Amino acid sequence: MNSVVRFVAVALGLLLTLCLTLVIFGLPLGPSLSRIATGAFGSEAGIARSLVRMTPLLLAGLGMVLAWRAGMYNIGGEGQFIVGGLTGATLYKLAPGLPPALLGISILVVSAVGGALYAALAGWLQISRGVQVVISTILLNFIALHLLDYCVNGPLREQAGQNPLTDRLPDLAMLAKFSVRTDLHAGIFLAIITALLVFGFLFFTSPGFKIRLVGENQRAARANGISPERVQILAMALSGALCGLAGGVEYTALAGQLGRSFSENWGFLAIPVALLGGLHPLGLIPSSLYFGALLAGTDYLSRFSVGGKSIIYLIQGAAVLVFMGLQRWFDQKQPVVLDEEART
């Protein structure tokens, strides 16, 4: 029953936050909400836009969950996303003759590997050199952005050499799309299945338990013969793998080629998505759908309003603050039960 009350309270809080944000921006409440709903769910194209935007948010958000659960505050999802896409594009540059089906799968695999190695580097820097992972992952984001610019202007530039873009993937190597009228692709199913797998990994396997234990209490982990350092590097590698996979999905599903604007800040946006989802893999499914729908809906709203698209970042920040406040309030309402030994 408490879970139902929490869900209803959070849903109402998010709706109220959205309404207040629109009012603060001076937008007419009724028409604005109607246009957001239309842009997000009012048509086949709107639903497709919401789900397409949900996909990288869910995958990268899962990466944030795995790292943060281990006490490693990964802020480098953006860089890992970009490196994932670059790794996939490098594979295509080196082996363009692979069968298209094998090429598509291989790109997704190497994208995950590239992201994993990039994130594990930040984990190693903290464990071995004392460089805080928050600082290193932020700086690695900038390195990834400059690396992207270098690659699309240099070694990965298209053969024609006219634009700072990589060669376009063949259509048969791209993820399947469900309609010629929308961009909805099979990556949405991959993201949801991945969320279920991460849930099972965290809560039903020994490595998942170790990640949660290390994040909660490193002293208890050491007392039970668990090395927090190894677990944290593993968590960072898995986190980067998911962010890199998000980049690979974006590359093989929509972009088909990389340019300077390959990432649309999915790695950064994944952080509030993960927080709103309560750092729980299943909580990220509605959280990423909510933000995906907001992105699609406010994009539609921006066609009729000057400030429509820009309010998404304010809504995200306000939504996270409301969620954290409600969580804190509910936690304080929980009765504290003391056993007999504690009373004495």
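Residues numbered from 1 in each chain as written. Predicted model: local features only at pLDDT ≥ 70, side-chain atom pairs only at ≥ 80, totals over all residues. Heavy atoms only, no water.

1. Remarks on the packing of aromatic side chains
Consideration 1: According to the stated counting rule, one finds six aromatic pairs in the structure shown.
Consideration 2: When the centroid spacing of 5.3 Å and the interplanar angle of 65 degrees are considered together, the rings of Tyr-290 and Phe-291 count as edge-to-face.
Consideration 3: We classify Phe-291 as buried; its relative accessible area is 0%.
Consideration 4: By way of ring pairs, the aromatic residues Phe-199, Phe-203 and Phe-204 are connected into one cluster. (Phe/Tyr/Trp six-rings, centres within 6.5 Å; stacked < 30°, edge-to-face > 60°. Buried < 20%, exposed > 50% of the residue type's maximum accessible area, 1.4 Å probe, protein only.)

2. Quick notes on the environment of Ala-274
Consideration 1: Position of Ala-274 among the secondary structure elements: in helix H11 (residues 266-276).
Consideration 2: Here Ala-274 falls in the buried class, since its relative accessible area comes to 2%.
Consideration 3: Ala-274 sits 217 residues away from Leu-57 along the chain, and the two C-alpha atoms are 8.8 Å apart. (Helix = DSSP H or I, 4+ residues; strand = E, 2+ residues; numbered from the N terminus.)

3. As for the environment of Leu-284
Consideration 1: Tracing the backbone through its elements, the reader meets Leu-284 in helix H12 (residues 284-301).
Consideration 2: Since its relative accessible area comes to 0%, Leu-284 is described here as buried.
Consideration 3: For the pair Leu-284 and Leu-57, spaced 227 residues apart in the sequence, the C-alpha separation amounts to 8.8 Å.
Consideration 4: Apart from the residues lying within four places of it in its own chain, the contact partners of Leu-284 are Leu-58, Gly-61, Leu-62, Val-65, Val-273, Ala-274 and Gly-277. (Contact = heavy atoms within 4.5 Å.)

4. Overview of the side chain of Glu-78
Consideration 1: Within the secondary structure, Glu-78 is located in helix H4 (residues 77-94).
Consideration 2: Look at Glu-78 and you get buried, because its relative accessible area is 2%.
Consideration 3: Leaving out residues up to four positions away in the same chain, Glu-78 has contacts with Asn-141, Ser-263, Asn-265, Trp-266, Gly-267 and Phe-268.

5. What about unusual backbone geometry?
For residues other than glycine, phi is negative in most cases, and the peptide bonds are mostly trans.
Consideration 1: Positive phi values are uncommon outside glycine, yet Asn-265 reaches one of about 65 degrees.
Consideration 2: Positive phi is not limited to glycine here, since Leu-279 has a value of about 55 degrees.

6. Considering the nonpolar core
Consideration 1: Ranked by size, the top nonpolar core spans 90 residues in total, and within it Tyr-251, Leu-258, Tyr-290 and Phe-291 carry the most contacts.
Consideration 2: Element by element, the count of residues in this core is highest for helix H3 (residues 44-69), at 13 residues.
Consideration 3: The residues touching Tyr-290, leaving out its near neighbours within four places in the chain, are Leu-14, Leu-276, Ile-315 and Ala-319. (Core = buried A, V, L, I, M, F, W, Y, C linked by side-chain atoms within 4.5 Å.)

7. Some words on H11
Consideration 1: With respect to burial, H11 is a largely interior element, nine of its 11 residues being buried.
Consideration 2: Remark: Gly-278 follows H11 within two positions and exhibits a positive phi of approximately 70 degrees.

8. Brief notes about the state of the cysteines
Consideration 1: Inspection of the entire model under this criterion finds zero disulfides.
Consideration 2: With no disulfide of its own, Cys-151 lies 19 Å from the sulfur of Cys-243, the closest cysteine sulfur. (Disulfide = S-S within 2.5 Å.)

9. Quick look at the pattern of salt bridges
In a structure, side chains of opposite charge can pair up when their charged atoms sit close to one another.
Consideration 1: Per the stated rule, a full pass over the model turns up five salt bridges.
Consideration 2: A salt bridge links Asp-149 to Arg-260, with the shortest nitrogen-to-oxygen separation between them at 3.0 Å. Note that Asp-149 is positioned in helix H6 (residues 133-153) and Arg-260 in the loop between helix H10 (228-255) and H11, a separation of 111 residues in sequence.
Consideration 3: Residue classification places Asp-149 among the partly exposed positions, given a relative accessible area of 32%.
Consideration 4: Taking the relative accessible area as the measure of exposure, Arg-260 reaches 53% and is therefore exposed. (Salt bridge = Lys/Arg side-chain N within 4 Å of Asp/Glu carboxyl O.)

10. Thoughts on the side chain of Gln-126
Consideration 1: Its location among the elements puts Gln-126 in helix H5 (residues 100-129).
Consideration 2: Those residues in contact with Gln-126 that sit more than four places away from it in its chain are Met-72, Val-131, Gln-132 and Val-133.

11. Some thoughts on a nonpolar patch on the surface
Consideration 1: Side chains of Tyr-73, Val-131, Val-134, Ile-135, Ile-138, Leu-139, Phe-142 and Leu-145 sit close together on the surface and give an oily, nonpolar patch of about 660 Å² of accessible area.
Consideration 2: Following the sequence through the fold, Ile-138 ends up in helix H6.
Consideration 3: Residue class for Ile-138 comes out partly exposed when judged on its relative accessible area of 32%. (Patch = residues over 30% accessible without salt bridge, like charges linked within 9 Å, V, L, I, M, F, W, Y side chains within 5 Å. Areas by Shrake-Rupley, 256 points an atom, 1.4 Å probe, with all protein chains shown as cover.)

12. A closer look at the packing of H4 against H6
Consideration 1: Interaxial distance between H4 and H6 falls to 7 Å at its minimum, and their mutual angle equals 30 degrees. As the angle between them shows, H4 and H6 are arranged roughly parallel. Judged by the sense of rotation from one axis to the other, the crossing of H4 with H6 is left-handed. Within the contact between the two elements, H4 uses Gly-77, Glu-78, Gly-79, Gln-80, Ile-82, Val-83 and Leu-86 and H6 uses Thr-137, Asn-141, Ala-144, Leu-145, Leu-147, Leu-148 and Cys-151. (Axes fitted to C-alpha atoms, helices over the stretch in contact; angles between N-to-C directions. Parallel < 35°, antiparallel > 145°, perpendicular 65-115°, else oblique. Left-handed = near helix turned anticlockwise from the far one by under 90°.)

13. Remarks on the confidence of the model for the chain
Consideration 1: In this model, the chain carries a mean pLDDT of 89, and residues with pLDDT of at least 70 account for 93%.
Consideration 2: Mean pLDDT across the elements of the chain bottoms out in helix H14 (residues 340-343) (42) and peaks in helix H7 (residues 187-204) (98).
Consideration 3: Contacts for the low-pLDDT stretch residues 336-344, under 50 throughout, to residues beyond four places or in other chains number one contact. (pLDDT = per-residue confidence, 0-100.)

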